[in-house]
Amino acid sequence: MDFDREINRPFFGKWKVTVMRKSSGGGWYTFRIFPGENDYRPDNSLPEDLDLCWWIWEDSIDLPPGEYRINTLWRIFPTAGGVREVRRTSNTFTISGG
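Notes on the structure follow. All of these numbers come straight from a predicted model, not from anything done at the bench.

Looking only at helices and strands, the protein features 1 helix and 5 strands. Sequence-ordered secondary structure for the protein, helices as α and strands as β, is β-β-α-β-β-β. The buried share of the protein, taken over its 98 residues, is 26%. Carbon and sulfur atoms make up 45% of the accessible area of the protein, which amounts to about 6900 Å² in all. Mean positive and mean negative side-chain charge positions of the protein (13 and 14 charges, respectively) differ by 11 Å.

Attention now goes to the nonpolar core. Among soluble globular proteins, nonpolar side chains are generally buried collectively. With 19 residues, the main nonpolar core has Val17, Val19, Leu52, Trp55, Ile61 and Trp74 as its most contacted residues. Mapped by element, the contributors of at least two residues to this core are β1 (11–22), β2 (28–40), α1 (52–56) and β3 (66–78). Excluding residues within four positions of it along the chain, Val17 makes contact with Arg32, Ile33, Phe34, Trp55, Ile56, Ile70, Asn71 and Thr72.

Quick look at the pattern of salt bridges now. In total, this model carries 3 salt bridges according to the counting rule given. In this structure, Arg41 engages Asp39 in a salt bridge whose closest nitrogen and oxygen atoms are separated by 2.8 Å. For Arg41, a relative accessible area of 39% translates into the label partly exposed. Across the pair Glu85 and Arg87 runs a salt bridge, and its minimum N-O distance is 3.1 Å. Exposure remark for Glu85: the relative accessible area of 41% places this residue in the partly exposed category.

Here the structure, examined in full by the defined rule, presents 7 aromatic pairs. Relative to Trp55, the ring of Trp54 has its centre 6.3 Å away and its plane inclined at 50°; by these criteria the two rings are tilted. Ring geometry for Tyr68 versus Phe93: centroids 5.9 Å apart, planes at 25°, classification stacked. Of this pair, Tyr68 sits in strand β3 while Phe93 sits in strand β5 (residues 93–95), and the two are 25 residues apart along the sequence.

Conventions used here
- Residues numbered from 1 in each chain as written.
- Predicted model: local features only at pLDDT ≥ 70, side-chain atom pairs only at ≥ 80, totals over all residues.
- Heavy atoms only, no water.
- Helix = DSSP H or I, 4+ residues; strand = E, 2+ residues; numbered from the N terminus.
- Buried < 20%, exposed > 50% of the residue type's maximum accessible area, 1.4 Å probe, protein only.
- Areas by Shrake-Rupley, 256 points an atom, 1.4 Å probe, with all protein chains shown as cover.
- Lys, Arg positive; Asp, Glu negative; His and termini not counted.
- Charge placed at Lys NZ, Arg CZ, Asp CG, Glu CD.
- Core = buried A, V, L, I, M, F, W, Y, C linked by side-chain atoms within 4.5 Å.
- Contact = heavy atoms within 4.5 Å.
- Salt bridge = Lys/Arg side-chain N within 4 Å of Asp/Glu carboxyl O.
- Phe/Tyr/Trp six-rings, centres within 6.5 Å; stacked < 30°, edge-to-face > 60°.

Next comes the structure, spelled out in C-alpha cells:
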C-alpha cells in the first residue's frame, strides 16, 4: 500500500474501512466492514510495512480470489469542536488464487 498523511495537531478520529468486491455483473458490493478509532498525534508515523491488515486493524484478512477496492471514511473530531469527514477510495486490486 502507498499512503501518506500529515497530522498537524492532536485529534480523535473514527474510521470505517469497507472492502468492496466486484460482482460478476461488473458492479461493486460490500464484502466486509472494519470500524475503528484512534487518538491521532503529530508524532504518530506510519509503519514501514503498511499493508491491508494494518489499515483495517486486524491480524489477518482472507480475501478469496477476485477484484477489490477499499473505501475509507474518517470522522475527525478536532479539539476545537465540530466534525469533519474525509472519504477515500483505493485503486482496484486483484487477489489471485493459488
